[in-house]
Amino acid sequence: MKRHLYILSALLCLPMLSAAQSGVAERRSALLDSIVKGNTTLRALRQGVEAGKAGMETSLRLPDPEVGFSYKWGAPAGVPAVKGVDVTQQLDWGVLTGRRRRLAQSGAGKLEQDYRISLRDMLAEADRIIVNLTYYNLLCDELKRRLAVAQEVMSLCSKRYERGDLNAIDLNKIRLNTTLAQTELKRALSERQSLQFDLNRLGGKADLAWNDTVYAVPALPPLDELRSDIETASPELAAADAAIRQEHDRLRLTRTEGLPNLSVGYTGEYIKGERHSGVTIGLSIPLWGNSRKKTAESRALLALSEMERADAAKRLETNLMKRYASARNLRQTADKLTEDLARADNAHLIRRSLELGQISLLDYLLEISFYYNARTQQLEAERDAQMALVELWQLIDKE
């Protein structure tokens, strides 16, 4: 009967829990957006991406033409001077064929994917702080309740001491218990404040706060769903694919650059009473085999990129399985501990027994310490389960 009532009460709480989780998810999303906008490291990385793209744009134009002037004095005396003008334009096959532009585009794509990895890691760090802050919010509330109970029990014992029903040794024990409760609360408040400073540092300002006591990390999805998403949603694989495209385009450009270089221009000589002008054409001769060496190097770099992509996929699969198993096991542990603790919550019975004189003060302290330790472990197990989810979701750039 009690089990049925427990299940019924849990079902009745589901709509309120769902609404709370929906609200906390919105607040988490808004907080992460603020961090993305205000984080100085991300701004610097974004600026680096734009600078890298601008640098690639400089190679997409033909080299500037060269203009030369000459003046030759005549000899012997009376021979007219000769004036010369030469204009030469070097032609770049990479620019003319568009392959240099495609290389710049693939390079820009690689920069974007590298930034995406940094962004994902930054948001994962923020999620870790949010999980820890949620834990300390819960812990501080728990420790405040414990302190209030300890103070009430100390007041009760003080009255019993005044009546002669309690000796000084037991009174000192309960005072020490109250002091320990105050110390634990101060320590937890200090840890929470430190985490708040870390959150403000990520956001680049001092007005960010996380006061929720409901965890906001997305729940554990089916493993098959993660496997299907990971090929398209993993920043590491996307960056590896971008590197392969970049090396493909580099190889094509290298082959194009192996063609004989061509230059065209205008030349003219001017003598008093005469003028000679015309077109010049220059052609390089690939005599020493430098283009073949560059092509071989590009092929080797392409093969390396493909090997690194395969290695990244293998490592990602291994990490997925490992982190998924960890998240699932920790989730089961936290749920089991929560369920058992809900059935074995005797805190109010222990307190009532002390008030009625059914148990000694020493038995009360032992029993309540056992319960408090179990409750703390339950809070830690829930935090660890949520942290494992953060580590799992870090593999995939997906909210």
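Residues numbered from 1 in each chain as written. Predicted model: local features only at pLDDT ≥ 70, side-chain atom pairs only at ≥ 80, totals over all residues. Heavy atoms only, no water.

All right, on to the side chain of D92 then. Structurally, D92 is set in the loop between β2 (82-91) and α3 (93-97). The class for D92 is buried, based on a relative accessible area of 18%. Within the local environment of D92, its side chain forms a polar contact with the side chain of R100, the two groups lying 3.2 Å apart. Other than its neighbours up to four places away in sequence, D92 contacts L62, P63 and R100. (Helix = DSSP H or I, 4+ residues; strand = E, 2+ residues; numbered from the N terminus. Buried < 20%, exposed > 50% of the residue type's maximum accessible area, 1.4 Å probe, protein only. Polar contact = N/O pair within 3.5 Å; in protein donor to acceptor, adjacent residues only side chain to side chain. Contact = heavy atoms within 4.5 Å.)

Within the structure shown, the criterion is met by 28 salt bridges. Here D212 makes a salt bridge to R27, at a shortest N to O gap of 2.5 Å. Note that D212 is positioned in the loop between α5 (168-203) and α6 (223-233) and R27 in helix α1 (residues 2-38), a separation of 185 residues in sequence. Given a relative accessible area of 15%, D212 falls into the buried group. On the accessibility criterion, R27 (41% relative accessible area) is partly exposed. As a salt-bridge pair, R343 and D340 come within 2.8 Å of each other at their nearest N and O atoms. With R343 and D340 both in helix α8 (residues 290-343) and three residues apart, the pair spans about one turn of that helix. (Salt bridge = Lys/Arg side-chain N within 4 Å of Asp/Glu carboxyl O.)

Moving on, we get to the nonpolar core. In terms of nonpolar packing, the biggest core is built from 53 residues, with L31, I35, L139, L199, W210, L226 and L320 touching the most fellow members. Sorting the residues of this core by element identifies α1, α2 (40-57), α4 (99-163), α5, α6, α8 and α10 (361-393) as the ones contributing at least two each. In terms of residue count, α4 provides more of this core than any other element does, 17 residues in total. Counting residues in hydrophobic clusters, the runner-up holds 15 residues, among them I174, L341, L354 and Y364. (Core = buried A, V, L, I, M, F, W, Y, C linked by side-chain atoms within 4.5 Å.)

This paragraph deals with the confidence of the model for the protein chain. Here the protein chain shows a mean pLDDT of 85. Residues at 70 or above account for 93%. Per-residue pLDDT, averaged within each element of the protein chain, yields its smallest value for α1 (64) and its largest for α5 (93). (pLDDT = per-residue confidence, 0-100.)

Moving on, we come to α5. Here α5 is 36 residues long and its end C-alpha atoms lie 53 Å apart, about the 52 Å a rise of 1.5 Å per residue gives. Two to three positions downstream of the cap, the backbone nitrogen of I169 sits 3.2 Å from a side-chain oxygen, assigning the N-cap of α5 to N167. Count one or two residues on from α5 and you reach G204, which has phi positive near 75 degrees. (Expected span 1.5 Å × (residues − 1).)

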